[in-house]
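These are the residues of each chain, in order.
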Amino acid sequence: MSTDFTLHRRALDCIAQGYLTNSKRPESLVKGVYPTHLKRGHGCHVWDYEGKKYVDFITGLGTNIIGYSNERVNLAIAEQMIDGASLSFGTMKEIEAAEKVKETMPFIDCVKFLKTGTEACLAAVKIARGFTGRSLVLSEGYHGWSDGFVSLTPPATGCVPGQMELLKDSRSKIKDAAAVIVEPVMTDASKARIEWLYELKDECKKHGTLLIFDEVITGYRFPRFSVSSYFGIEPDLIVLGKAIANGMPLAAVGGKYAVMNGSDYFVSSTYAGETLSLVAAIKTMTLLQTKYDLSDLWERGQRFIDSFNEFWPSMLKIEGYPTRGVFVGDSFTKALFFQEACNAGLLFGPSFFFNFPLAEEASNALNTIKDIFMKLRTGSVVLKGEPPKSPFAQRVRQG
Ligand code: PMP
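Because the structure is predicted, anything quoted here is derived from the model rather than measured. (Residues numbered from 1 in each chain as written. Predicted model: local features only at pLDDT ≥ 70, side-chain atom pairs only at ≥ 80, totals over all residues. Heavy atoms only, no water.)

Undergrad: So what exactly am I meant to see when it comes to the overall build of the protein here?
TA: When its secondary structure is counted, the protein shows 14 helices and 14 strands. Counting the 399 residues in the protein, one finds 54% classified as buried. Counting contacts in the protein only where the partners sit at least 6 residues apart, residues at least 24 apart contribute 75% of the total. Total accessible area on the protein is roughly 18200 Å²; 53% of this is exposed by carbon and sulfur atoms. Within the protein, one finds 45 positive and 44 negative side-chain charges whose respective centroids are separated by 2 Å. (Helix = DSSP H or I, 4+ residues; strand = E, 2+ residues; numbered from the N terminus. Buried < 20%, exposed > 50% of the residue type's maximum accessible area, 1.4 Å probe, protein only. Contact = heavy atoms within 4.5 Å. Areas by Shrake-Rupley, 256 points an atom, 1.4 Å probe, with all protein chains shown as cover. Lys, Arg positive; Asp, Glu negative; His and termini not counted. Charge placed at Lys NZ, Arg CZ, Asp CG, Glu CD.)

Given below as structure tokens:
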């Protein structure tokens, strides 16, 4: 029996539903072929518990923009560890981290840190409701697992709906809403999408409705650090997470003083000021300002996608922007490709992510991918695992 199968069985025995993160469930990948658990990651490589090494295009679900276990980030965390992780009062680290977010997101005055994207989206909604005195929130995209959002998308059970509606069904209610929350770019960064965002911004402004950009994925993955800055559309509130601390747990909501300090809302978390994640964030943002150039990564990511899309465009393509995309093709071809890639030491997942260390591996990976497509074209490859089922966040995005 493989180590991996044993681990999956152990997990089912002691972890509710057998998993912690929906997109990491074995069913979201090619169950039976993919490793279910990973032991370690370094740069763009990960190792499973049988010692097999992979090039990882999932990048911890888009968290480690400068790669797993980055030396400089590690050092910052190690130094901070000596001074403690959760102190009894605020620390200078939270001030420095907030100042860094302001430097990288110049359209905001202040932030509130939290641990997860879910919490930061909830906080954004609460701040908007406090500021406007309205309750209704209109939503598009995925904003975490809190009741209001999840109740919009059955079949998740156990949710009490909470004054939320889908933007696509209730656009005429913008005038009555506290806020509209969208992922400004899911994968489509076309001119039409950006114009749509500008129109949305104007409509919200006209009615005193706050526009919230959930940039949990796009934040620190676009040149100039955000969709908001890249396209010059300033939301009233921005939500950040994932890449901000290169994989350490940190999220943030930010905006102008008038909104962020505009009501007596209550948002509070024991761990919000936990220092290890804050120093990881300070170091990551600093490195993205000085050493790693997101515009350069974009060029290299686009080249990777263009090359990938030349292999067998009628069967499988990547669609998206240079640092994130989705695989477009029928689910069977996708599963066959994922299986063969995994066997050849390349890990792909529901979303395609591109980070700095992957840019260094791109040409080797493309050679392997070319061979895989040649094999697939012979029609002789048999699927040995189960085709992936879309994880929850992807189903919500497809609306
Ligand atoms: N918003 C978006 C756009 C996300 O992609 C996610 C996570 N995938 C969340 C919010 C929720 O973040 P978390 O999983 O950290 O709660």
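Undergrad: Can you walk me through helix α10 (residues 275-290) in this structure?
TA: Working note: α-helix, 3.6 residues per turn, so residues spaced by three or four point in the same direction. The terminal C-alpha atoms of α10 lie 22 Å apart, and with 16 residues this matches the ideal 22 Å at 1.5 Å per residue to within 8%. α10 sits mainly inside the fold: twelve of its 16 residues count as buried. For α10, the full list of buried residues reads T275, L276, S277, L278, V279, A280, A281, I282, T284, M285, L287 and L288. Sitting at the amino-terminal end of α10 is E274, which places a side-chain oxygen 2.7 Å from the backbone nitrogen of L276. (Expected span 1.5 Å × (residues − 1). Polar contact = N/O pair within 3.5 Å; in protein donor to acceptor, adjacent residues only side chain to side chain.)

Undergrad: What's the story with the packing of helix α12 (residues 331-343) against helix α13 (residues 356-377) in this structure? I'm lost.
TA: A pair of packed helices is characterised by two quantities: the angle between their axes and the separation of those axes. Two elements in contact, α12 and α13, have axes whose closest approach is 10 Å; the angle formed by their N-to-C orientations is 130 degrees. When the axis of α12 is compared with that of α13, the two are oblique. Crossing angle aside, the handedness with which α12 passes α13 is right-handed. Of α13, the residues touching α12 (which contributes L336, F337, E340 and A341) are I369, I372, F373, K375 and L376. Considering only residue class, the contact of α12 with α13 consists of seven nonpolar, no polar and two charged. (Axes fitted to C-alpha atoms, helices over the stretch in contact; angles between N-to-C directions. Parallel < 35°, antiparallel > 145°, perpendicular 65-115°, else oblique. Left-handed = near helix turned anticlockwise from the far one by under 90°. Nonpolar A, V, L, I, M, F, W, Y, C, P; charged D, E, K, R; others polar.)

Undergrad: Is there a simple way to explain the sheet that holds strand β12 (residues 324-329) in this structure?
TA: Sheets are built from strands paired through backbone hydrogen bonds, the pairs being either parallel or antiparallel. On the basis of which strands lie adjacent, the open sheet formed by three strands has the order β11-β12-β14 and antiparallel pairing. Whereas interior strands pair on both sides, the edge strands pair on one side only; in this sheet they are β11 (316-321) and β14 (351-353). Pairs of neighbouring strands in the sheet enclose a mean axial angle of 35 degrees, with direction left out of account. As paired strands, β12 and β14 are joined by three bridges and run antiparallel to one another. Bridge pairing in β14 links R324 to F353. Relative to β12, α12 is tilted by about 120 degrees, and along the sheet it contacts β11 and β12. (Pairing = 2+ DSSP bridges.)

Undergrad: Would you mind showing me how to read helix α3 (residues 71-83) here?
TA: Helix length check: α3, at 13 residues, gives a terminal C-alpha distance of 19 Å against a target of 18 Å (1.5 Å per residue), a fit within 8%. Turning to α3, its buried residues are V73, A76, I77 and Q80. Viewed along the axis of α3, the buried residues span an arc of 95 degrees, placing them on a single side of the element. Counted as exposed and oriented over 90 degrees from the buried face of α3: E71, L75, E79, M81 and I82. The elements touched by buried residues of α3 are α4 (92-104) and α10. The N-capping residue of α3, defined by a side-chain oxygen 2.9 Å from the backbone nitrogen of R72, is N70. Of the residues flanking the end of α3, it is G84, one or two places downstream, whose phi is positive at about 100 degrees. (Arc of directions from axis to C-beta.)

Undergrad: Teacher, can you tell me more about the packing of helix α11 (residues 294-311) against α13 here?
TA: In contact at an axis separation of 10 Å, α11 and α13 are set at 5 degrees when each is read in the N-to-C sense. Between α11 and α13, the interaxial angle falls into the category roughly parallel. When α11 is examined against α13, the residues L294, L297, R300, F304, S307, F308 and F311 are found in contact with a partner set consisting of F356, A359, E360, A362, A365, L366, I369, K370, F373 and R377.

Undergrad: So what exactly am I meant to see when it comes to the pattern of salt bridges here?
TA: Any two side chains of opposite charge can pair, given that their charged atoms come close. Under the definition given, this model contains 14 salt bridges. Across the pair R193 and E140 runs a salt bridge, and its minimum N-O distance is 2.8 Å. Of this pair, R193 sits in helix α7 (residues 191-207) while E140 is found in strand β5 (residues 137-140), placing the two residues 53 residues apart along the sequence. Assessed through its relative accessible area of 12%, R193 is described here as buried. Between D169 and K168 there is a salt bridge, and its shortest N-O distance comes to 3.7 Å. (Salt bridge = Lys/Arg side-chain N within 4 Å of Asp/Glu carboxyl O.)

Undergrad: Can you walk me through the sheet that holds strand β10 (residues 251-255) in this structure?
TA: Reading across from one edge, β4-β10-β9-β8-β7-β5-β6 is the order of the seven strands in this open sheet, with mixed pairing throughout. Strands at the two margins of the open sheet, each flanked by one partner only, are β4 (110-114) and β6 (164-166). The mean angle between the axes of side-by-side strands here comes to 20 degrees, regardless of whether they run parallel or antiparallel. Bridge count between strand β7 (residues 179-182) and strand β8 (residues 210-214): four bridges; the pairing is parallel. When the bridges of β8 are listed, V182 appears paired with F213.

Undergrad: It is not clear to me how the packing of aromatic side chains should be interpreted in this structure. Could you clarify?
TA: The geometry of an aromatic ring pair is captured by the separation of the ring centres together with the interplanar angle, meaning the angle of the planes. Enumeration according to the criterion identifies 27 aromatic pairs in this entry. Among the aromatic residues, those joined into a cluster by ring pairs are F57, F304, F308, F311, W312, F327, F337, F338, F348, F352, F354 and F373. Of note, R40 hangs over the ring of W47, and the distance from its end group to the ring centre comes to 3.9 Å. When the ring centre of Y292 is taken as origin, the NZ or CZ atom of K291, which lies over that ring, is 5.3 Å away. (Phe/Tyr/Trp six-rings, centres within 6.5 Å; stacked < 30°, edge-to-face > 60°. Lys NZ or Arg CZ within 6 Å of the ring centre and 35° of its normal.)

Undergrad: Would you mind showing me how to read the pairing of strand β1 (residues 38-42) here?
TA: The two faces of a sheet get side chains in turn, since along a regular strand they alternate between them. Bridging between β1 and strand β2 (residues 45-48) involves four bridges; their strand directions are antiparallel. Bridge assignment links H42 to a residue of β2, and that residue is H45. Hairpin connection from β1 to β2: two residues lie between these consecutive antiparallel strands, with G43 at a positive phi of about 65 degrees.

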